[in-house]
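Chain residues, written in single-letter form:
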Amino acid sequence: MNNSQPSKFINLSLAFLWGYQGLIPKIFFINPDEITIWQTFGLSYAQAQLAGQGSGVLECVFALLFLFSSSKYLHYLSIFSLVFLFTLVAFLIPDSLIRAFNPVVMNLAMISLSICYCMLRNQETASFSAQSKGSI
């Protein structure tokens, strides 16, 4: 079974989503919630802006990794990161969870894509193992 097209689509989708989240609300148009999160850690407004932009750069690096890598470990890291970031936002800005555009939807969708990728990879591995045993 060849799952390469769905796997590539998942990676491309995640690359877009991570890249968008890094560029738009953190680098090009700094979202006030980003500033609030960083200021909670004791940073000044200027330091919070830099930290927010730095996190945007890291998210863009993540996007590039999804474009040029197809490791299930990258997907595990993505899932872990999204759960951590969601928990952080839920703790620091709980009202953001009930807004029209909220992190619940984005994070759940991205986690679901990574889980689908891992399921496809496991299916490929199982199929390859079955074919290998059959040819012995």
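Residues numbered from 1 in each chain as written. Predicted model: local features only at pLDDT ≥ 70, side-chain atom pairs only at ≥ 80, totals over all residues. Heavy atoms only, no water.

- Looking at an unreviewed UniProt entry, one finds the protein named DoxX-like family protein and attributed to Acinetobacter johnsonii.

**Description of the state of the cysteines**
Right, so step 1: One pass over the full model with this rule turns up zero disulfides.
Right, so step 2: With no disulfide partner, Cys116 has as its closest neighbouring cysteine sulfur the one in Cys118, 9.5 Å distant.
Right, so step 3: Note on Cys116: relative accessible area 38%, which makes it partly exposed.
Right, so step 4: Exposure remark for Cys118: the relative accessible area of 8% places this residue in the buried category. (Disulfide = S-S within 2.5 Å. Buried < 20%, exposed > 50% of the residue type's maximum accessible area, 1.4 Å probe, protein only.)

**Quick look at the packing of aromatic side chains**
Aromatic ring pairs are reported here in terms of the distance separating the ring centres and the angle at which the planes meet.
Right, so step 1: The full count for this structure, using the stated rule, is five aromatic pairs.
Right, so step 2: Both rings, one in Phe16 and one in Tyr20, keep their centres 6.0 Å apart while their planes meet at 35 degrees; by these two values the pair is tilted. Note that Phe16 and Tyr20 are positioned in helix α1 (residues 4–28) at a spacing of four residues, about one turn of the helix.
Right, so step 3: For Phe16, a relative accessible area of 55% gives the class exposed.
Right, so step 4: With relative accessibility at 39%, the residue Tyr20 sits in the partly exposed group.
Right, so step 5: Ring geometry for Trp18 and Phe62: centres 4.6 Å apart, planes at 50 degrees, overall tilted. Separated by 44 residues along the polypeptide, Trp18 in helix α1 and Phe62 in helix α3 (residues 45–68) bring together distant segments of the chain. (Phe/Tyr/Trp six-rings, centres within 6.5 Å; stacked < 30°, edge-to-face > 60°. Helix = DSSP H or I, 4+ residues; strand = E, 2+ residues; numbered from the N terminus.)

**Notes on the layout of surface pockets**
To find leftover empty space, a probe the size of one water molecule is rolled over the atoms.
Right, so step 1: Here the largest pocket is characterised by a volume of approximately 940 Å³.
Right, so step 2: Along the wall of the largest pocket there are 32 residues; nearest its centre are Gln21, Lys26, Glu34, Glu59 and Val89.
Right, so step 3: In terms of residue count, helix α4 (residues 72–92) provides more of the lining of the largest pocket than any other element does, seven residues in total.
Right, so step 4: Looking at the lining of the largest pocket residue by residue, the class counts come to 20 nonpolar, seven polar and five charged. (1 Å grid on protein atoms, 1.4 Å probe; cavity = no way out; pocket = protein on both sides within 12 Å on 5 of 7 lines; lining within 4 Å. Points joined across faces, edges and corners; volume = space filled by probe spheres on them. Nonpolar A, V, L, I, M, F, W, Y, C, P; charged D, E, K, R; others polar.)

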